[in-house]
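Letter by letter, the chains look like this.
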Amino acid sequence: MFAEGIATYPLYKRPWFSVWLDANGRMSMKGILAPIVKPFTSDLLDLFENSIPIGENGEELLFSTWVPPIPGKAFDRLVKSQFNARLGKNIPDQVTISITEECPNRCIHCALPDTDNRDSLSPDEVKEIIDQVTGMGTTMIIFDGGEPMVYPELAEVVSHVDPDKAIATVFTSGTGLTRELAESLRSAGMFAVNVSLDSPYQEEHDRMRGRSGVFDDALAAIKNSLAAGMLVNIYVVLSPMNVNDLREFYSLAVETGAHELSFYEIVPTGRWIDHESDVLSNSDRETLDSFVKWAADDRRVRVFSIPHAMKTTGCFAGRRWLHITPQGDVLPCACIPIPYGNIREERIRTIWKRIRKDSAYNAKSCLMRDPEFRRRL
């Protein structure tokens, strides 16, 4: 039952079955079909159950930087796609568009290969991608790079994302995200900014990013994004180099006022492709498990552990995720360097159908950590 006086928000609402979430993360089901539907959706609901939301914004619940506001038309589209996926009708909920290869940094684990092409997608191409994938049902558009902040038309392409269909977010090292640009992005409709941090310590972060000063850029980007009124997520790629700094990352998120702290697991791809053994060990994962439990009790900052989510949902590459490179190639995700087509030659829907015919993309864990799959590269 919900506590008296605490607002509740509908995750799914039909006369015969509804799911409600309150601002403290407590969930309730109603309707005569609830006992039947609950087992069918248990893994999805586990992602919401007892997980602290970011906060409230008027009549909306802001659950996460990864989820459209609740209630809302974009969130309704997400719920629909989740149910359709149960029936085998998968669409790419989340599409990452690497709009440019240009970047002032030299990150040691960058997923982009060292092409030195410095390619970019034109604004018209980016807009066409947005139209095609939102037409397929996509509910989250992520602008990526390289460094998206050096893309002159970033605000222009962000404004092309219809908020009734999808939320627009961006991954950035923070470089170039001035107060003026942050306000421009907010005015264009940017929902959230993901600022990447590899270490809570300046010297180590700058080393991993290959440039002095990028740690200060990241902190400035967090400050500027918050001042402009955008949600901020600190995004950490966990590796053996930083997995013992989890509490320090958390403290930094508290100190800066970030809304969320997300963790991904390092993948042997891009510049890290030959580092198959330099990934998280079982002991490292136990360290992450312990931290996630601690953070759930602490509740000062929402923590989203993608490795934990994937234990429930499986890997989303080629199943719920899609990635577009600066050359226009379409990949199952940013970490799998296998193109299935190009946006300059085919419709994305056609390419998506080709990916879905490949049985590999129903995996329970990251395919790039699977030696059998890596033989295809």
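An account of the accompanying structure is given in this report.

About the cut-offs
- Residues numbered from 1 in each chain as written.
- Predicted model: local features only at pLDDT ≥ 70, side-chain atom pairs only at ≥ 80, totals over all residues.
- Heavy atoms only, no water.
- Helix = DSSP H or I, 4+ residues; strand = E, 2+ residues; numbered from the N terminus.
- Buried < 20%, exposed > 50% of the residue type's maximum accessible area, 1.4 Å probe, protein only.
- Contact = heavy atoms within 4.5 Å.
- Areas by Shrake-Rupley, 256 points an atom, 1.4 Å probe, with all protein chains shown as cover.
- Pairing = 2+ DSSP bridges.
- Axes fitted to C-alpha atoms, helices over the stretch in contact; angles between N-to-C directions.
- Phe/Tyr/Trp six-rings, centres within 6.5 Å; stacked < 30°, edge-to-face > 60°.
- Lys NZ or Arg CZ within 6 Å of the ring centre and 35° of its normal.
- Salt bridge = Lys/Arg side-chain N within 4 Å of Asp/Glu carboxyl O.
- Core = buried A, V, L, I, M, F, W, Y, C linked by side-chain atoms within 4.5 Å.
- Parallel < 35°, antiparallel > 145°, perpendicular 65-115°, else oblique.
- Nonpolar A, V, L, I, M, F, W, Y, C, P; charged D, E, K, R; others polar.

Our next topic: the overall build of the protein chain. Scanning the protein chain for helices and strands turns up twelve helices and 14 strands. Looking at the 377 residues of the protein chain, the share that counts as buried comes to 55%. Long-range contacts, defined as pairs at least 24 residues apart, comprise 66% of the intrachain contacts of the protein chain with a sequence gap of at least 6. For the protein chain, the exposed area adds up to about 16500 Å²; of that, 49% sits on carbon and sulfur atoms.

All right, on to the sheet that holds strand β8 (residues 167–172) then. Taking strand neighbours across the sheet as the criterion, the nine strands line up as β12-β11-β10-β9-β8-β7-β6-β13-β14 in an open arrangement whose pairing is mixed. Both edges of this open sheet fall to β12 (302–305) and β14 (330–331), since each of them pairs with a single strand only. Pairing of strand β6 (residues 94–98) with strand β7 (residues 140–144), which is carried by five bridges, proceeds in the parallel orientation. Within β7, the residue paired with threonine 96 across the bridge is isoleucine 142. With respect to the sheet, helix α8 (residues 246–256) is in contact with β10 (231–238), β11 (260–265) and β12, its orientation differing from that of β11 by roughly 150°. Each of β13 (321–324) and β14 touches helix α11 (residues 348–356); the most contacted strand, β13, lies at about 125° to it.

Attention now goes to the packing of aromatic side chains. If you walk through the whole model with that rule in mind, you get twelve aromatic pairs. When the ring of tyrosine 250 is compared with that of phenylalanine 291, the centres are 6.0 Å apart and the planes differ by 75°; the resulting orientation is edge-to-face. On the criterion of sequence distance, the pair formed by tyrosine 250 in helix α8 and phenylalanine 291 in helix α9 (residues 282–298) is long-range, its members being 41 residues apart. We note that tyrosine 250, like phenylalanine 291, is buried. Seen from their ring centres, tyrosine 361 and phenylalanine 373 are 6.2 Å apart, and the 75° between their planes marks the pair as edge-to-face. Here tyrosine 361 is found in the loop between α11 and α12 (371–374), whereas its partner phenylalanine 373 is found in helix α12, with twelve residues between them in sequence. Tyrosine 361 gets classed as buried once you look at its relative accessible area, which sits at 1%. Through a chain of ring-to-ring contacts, the aromatic side chains of Phe249, Tyr250, Phe263, Phe291 and Trp294 assemble into a single cluster. Sitting over the ring of phenylalanine 63, arginine 302 keeps its end group 4.4 Å from the ring centre.

It is worth spelling out the pattern of salt bridges at this point. Under the counting rule described, the total for this entry stands at 17 salt bridges. Measuring nitrogen to oxygen at the nearest pair gives 2.7 Å for the salt bridge that ties glutamate 156 to lysine 127. Of the two residues, glutamate 156 is situated in helix α4 (residues 154–158) and lysine 127 in helix α3 (residues 123–136); the sequence distance between them amounts to 29 residues. Notably, a salt bridge pairs glutamate 128 with arginine 347, separated by 3.2 Å at the nearest N-O pair. Here glutamate 128, found in helix α3, pairs with arginine 347, found in the loop between β14 and α11; they are 219 residues apart in sequence, far enough to count as distant. A relative accessible area of 34% places glutamate 128 in the partly exposed class. Here the salt bridges share partners, and the residues they tie into one network are Glu265, Arg285 and Arg369.

Turning next to the nonpolar core. By size, the foremost hydrophobic cluster in this structure holds 108 residues, and its most contacted members are Ile97, Phe143, Leu185 and Leu261. The biggest single contributor to this core is β10, with seven residues.

Contact geometry of α9 with helix α10 (residues 306–313) gives a least axis separation of 10 Å together with a crossing angle of 95°. By the angle between their axes, α9 is roughly perpendicular relative to α10. Between α9 and α10, the residues in contact are Leu288, Asp289 and Val292 and Pro307, His308 and Lys311, respectively. Across the contact of α9 with α10, the residue classes tally to three nonpolar, one polar and two charged.

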